[in-house]
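Spelled out, the chains give:
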Amino acid sequence: MKAIVYHNYGSPEVLKCEEIEKPAVGDHEVLIKVRAASVNPLDWRLMRGKPVFVRLMIGGLRKPKLTRPGVDVAGQVEAVGRSVTQFKPGDEVFGGCRGAFAEYACAIEDRLALKPANLSFEDAAAVPVAAISALQGLRDKGRIQRGQKVLVDGASGGVGTFAVQIAKSFGAEVTAVCSTRNVDSARSIGADHVIDYTREDFTQSGQRYDLILAANAYHSIFDYRRALSQDGIYVMAGGGGVQILQAMLLGPLLSLMGSRKMRFFMANINKEDLVLLKDFLEAGEIVPVIDRRYPLSDVAEALRYLEEGHAQGKVVITVEHPRR
Ligand SMILES: NC(=O)c1ccc[n+]([C@@H]2O[C@H](COP(=O)([O-])OP(=O)(O)OC[C@H]3O[C@@H](n4cnc5c(N)ncnc54)[C@H](OP(=O)(O)O)[C@@H]3O)[C@@H](O)[C@H]2O)c1
């Protein structure tokens, strides 16, 4: 099968499209005929091995141990492992796996769900990492409640476009922060208020929010804290390196001082949340926003584009299968 492979850390040039063996399916795994995948910042961070703690997390200090990129996947079940009970060949699924940028990939069954019936494979592949991050950030870390004032910083990327819609479906009054060219699109996905960060700094406006989800944090943690209401919660998903360090190191300390909470989290792809998202998607409460589509052979281009940091929603990889 064709698969994207890399053997050294570096820029997108390290990615090669190679012919390799189909992966062997483990007992608790499902072999998926990949129809679409999507790219996430995690993919280019692992490819570059930067920041260095990424290498410590996954092993492979000098050379990558995981040589097959791609997490988000949608496709058809080709075969199932001996202990798999929830899927059978032919089922259409979406979720998280290893090595999604390939014609076939294996996934643990608990990280998959049936594909929403009304979604194409491309739309479904756009969902897992970004929408689960938005959901877990808002619901689990942010304890979102109906009627709250919620601000999403970085509202126009993969995580942000889902976060705006999920916050609306929880009944929040949502403010989206994005640049000028994304203002209309933020309104069209349901934001009640939109702040153009090139014209206005919401951390200086005096407005207070019950929950701030930073899909892309580019302010200091102290600025975010100032923009919180008395018992407000700040949840950081991603953003600049300084902001990540502040959220990890200073967040717990600041949370001890007063009633405002400052939190960082790592999303976890699981079946229950995929099924919940499937319900939201089938009800039309959330709709994936897709910016660009690239064929499997152009994963390097897709990652190069994503790494520029201004994708408008999700970037999807389409996988064609030759007739054999
Ligand atoms: N913690 C976790 O488990 C977890 C899970 C998933 C993702 N993440 C992290 O979350 C972050 C976002 O992921 P993503 O998939 O949404 O990335 P993405 O799609 O690459 O984000 C791109 C978006 O960021 C916006 N942006 C860039 N600079 C901004 C600024 N100064 N202020 C506000 N928005 C800005 C851009 O909007 P404009 O073009 O309008 O500037 C663009 O739409 C990444 O750092 C990723 O690593 C973390």
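All of the points below concern the structure found in this document. Within each chain, residue numbers correspond to sequence positions counted from 1 in written order. In keeping with the predicted nature of the model, local features appear solely for residues at pLDDT of at least 70, side-chain atom pairs appear and are counted solely at 80 or more, and the whole-chain, interface and lining totals rest on all residues. Calculated side-chain values reflect all of the structure's heavy atoms, with hydrogen atoms and water omitted.

**Details of the packing of aromatic side chains**
Note on aromatic pairs: each is described by the distance of the centres and the angle between the planes. Two rings from Phe, Tyr or Trp (for Trp, the six-membered ring) form a pair when their centres sit within 6.5 Å of each other. Planes less than 30 degrees apart are called stacked, planes more than 60 degrees apart edge-to-face, and all others tilted. Tallying each qualifying case throughout the model produces 4 aromatic pairs. With a centroid separation of 6.3 Å and 70° between ring planes, the pair formed by phenylalanine 170 and phenylalanine 280 is classed as edge-to-face. With phenylalanine 170 in the loop between helix 5 (158–169) and strand 9 (173–178) and phenylalanine 280 in helix 9 (residues 271–282), this residue pair connects regions lying 110 residues apart in the sequence. Exposed residues in this analysis have more than 50% of their type's maximum accessible area, buried residues have under 20%, and partly exposed residues fall in between, with area computed by a 1.4 Å probe over protein chains only. Residue class for phenylalanine 170 comes out partly exposed when judged on its relative accessible area of 24%. Through a chain of ring-to-ring contacts, the aromatic side chains of Phe202, Tyr209, Tyr224 and Tyr234 assemble into a single cluster. Two conditions define a charge sitting above a ring: the NZ of Lys or the CZ of Arg must be within 6 Å of the ring centre, and it must be within 35 degrees of the ring normal. One residue, lysine 22, lies across the ring of tyrosine 104, its end atom 4.2 Å from the ring centre. Taking NZ or CZ as reference, lysine 115 lies 5.1 Å from the ring centre of phenylalanine 121, over its face. Numbered from the N terminus, helices here are DSSP runs of H or I no shorter than four residues, and strands are runs of E no shorter than two.

**Points about the nonpolar core**
For this analysis, a nonpolar core means a set of buried residues of the types Ala, Val, Leu, Ile, Met, Phe, Trp, Tyr and Cys, connected via side-chain atoms within 4.5 Å. Of all hydrophobic cores here, the largest spans 49 residues; its most connected members are Val127, Leu138, Phe162, Val164, Ile166 and Leu277. Sorting elements by how many residues they give to this core places helix 4 (residues 128–141) first, with 7 residues. Should any heavy atoms of two residues lie within 4.5 Å, those residues are counted as being in contact. The contact partners of valine 164, leaving out residues within four places of it in the chain, are Val152, Ala155, Val174, Ala176, Ile189, Gly190 and Ala191. Ranked by size, the runner-up nonpolar core spans 36 residues in total, among them Ile4, Phe101, Val299 and Tyr305.

**Describing the environment of proline 252**
Position of proline 252 relative to the elements: it lies in helix 8 (residues 241–256). For proline 252, a relative accessible area of 46% corresponds to the partly exposed category. Beyond its immediate stretch of four places on either side in the chain, proline 252 contacts Ala247 and Met262.

**Comments concerning unusual backbone geometry**
For residues other than glycine, phi is negative in most cases, and the peptide bonds are mostly trans. Of note, the amide linkage connecting lysine 50 to proline 51 takes the cis form, showing an omega dihedral of -10°. Mapped onto the elements of the fold, proline 51 is located in the loop between helix 1 (41–48) and helix 2 (53–58). Non-glycine residue arginine 143 carries a positive phi angle of around 45°. Secondary-structure assignment places arginine 143 in the loop between helix 4 and strand 8 (149–153).

**A closer look at the sheet that holds strand 9**
We call two strands paired when DSSP finds no fewer than two bridges between them. Across the sheet, 6 strands lie side by side as 10-9-8-11-12-13; this open sheet has parallel pairing. If you trace the sheet from one side to the other, it starts and ends with strand 10 (193–196) and strand 13 (261–264), each paired once. Averaged over all pairs of adjacent strands, the angle between strand axes in this sheet comes to 15°, irrespective of strand direction. In this structure, strand 12 (residues 228–236) lies alongside strand 13, joined through 4 bridges in parallel fashion. Considered in strand 13, the bridge of isoleucine 233 is made with lysine 261. The convention used is that axes are lines fitted to C-alpha atoms, helices contributing only their stretch in contact, and that angles between N-to-C directions extend from 0 to 180 degrees. Helix 8 rests against strand 12 and strand 13 of the sheet, and its axis sits at about 140° to strand 13.

**Brief notes about the side chain of threonine 175**
With respect to the helices and strands, threonine 175 occurs in strand 9. On the basis of relative accessible area, threonine 175 is assigned to the buried category, the value being 4%.

**Let's talk about helix 1**
Within helix 1, the full set of buried residues consists of Asp43, Trp44, Leu46 and Met47. Projected down its long axis, helix 1 carries its buried residues within an arc of 160°, all on one side. Along its buried surface, helix 1 packs onto strand 3 (29–39), helix 2 and helix 10 (299–307). Glycine 49 occupies a position one or two residues after helix 1 and carries a positive phi of about 65°. Taking the helix axis as origin, the arc is that swept by the directions to the C-beta atoms.

**Describing the site of the ligand**
Looking at the ligand, there are 27 residues lining it, with Arg45, Ser179, Tyr197, Ala267 and Ala311 nearest. Pairing of N or O atoms within 3.5 Å defines a polar contact, subject to two protein rules: one partner must be a possible hydrogen donor and the other a possible acceptor, and residues neighboring in sequence count only if both atoms are side-chain atoms. The backbone of glycine 157 places a nitrogen or oxygen atom 3.2 Å from an oxygen atom of the ligand. A distance of 3.0 Å is found between a nitrogen atom of the ligand and a backbone nitrogen or oxygen belonging to alanine 237. For accessible areas, the Shrake-Rupley method is used with a probe of radius 1.4 Å. Any residue's cover is judged against the shown protein chains and nothing else. Protein contact buries 89% of the 930 Å² of open area that the ligand shows by itself. It suffices for a single heavy atom of a residue to lie within 4 Å of a molecule or strand for the residue to be listed as near it.

**Let's talk about the pattern of salt bridges**
A side-chain nitrogen of Lys or Arg and a carboxyl oxygen of Asp or Glu constitute a salt bridge if their distance falls within 4 Å. Tallying each qualifying case throughout the model produces 17 salt bridges. Salt-bridge contacts for arginine 293 lead to glutamate 122; the nearest nitrogen and oxygen are separated by 2.3 Å. Of this pair, arginine 293 sits in strand 14 (residues 290–295) while glutamate 122 sits in helix 3 (residues 121–125); the two residues are 171 residues apart in sequence, bridging distant segments of the chain. With a relative accessible area of 45%, arginine 293 lands in the partly exposed category. For glutamate 122, a relative accessible area of 22% gives the class partly exposed.

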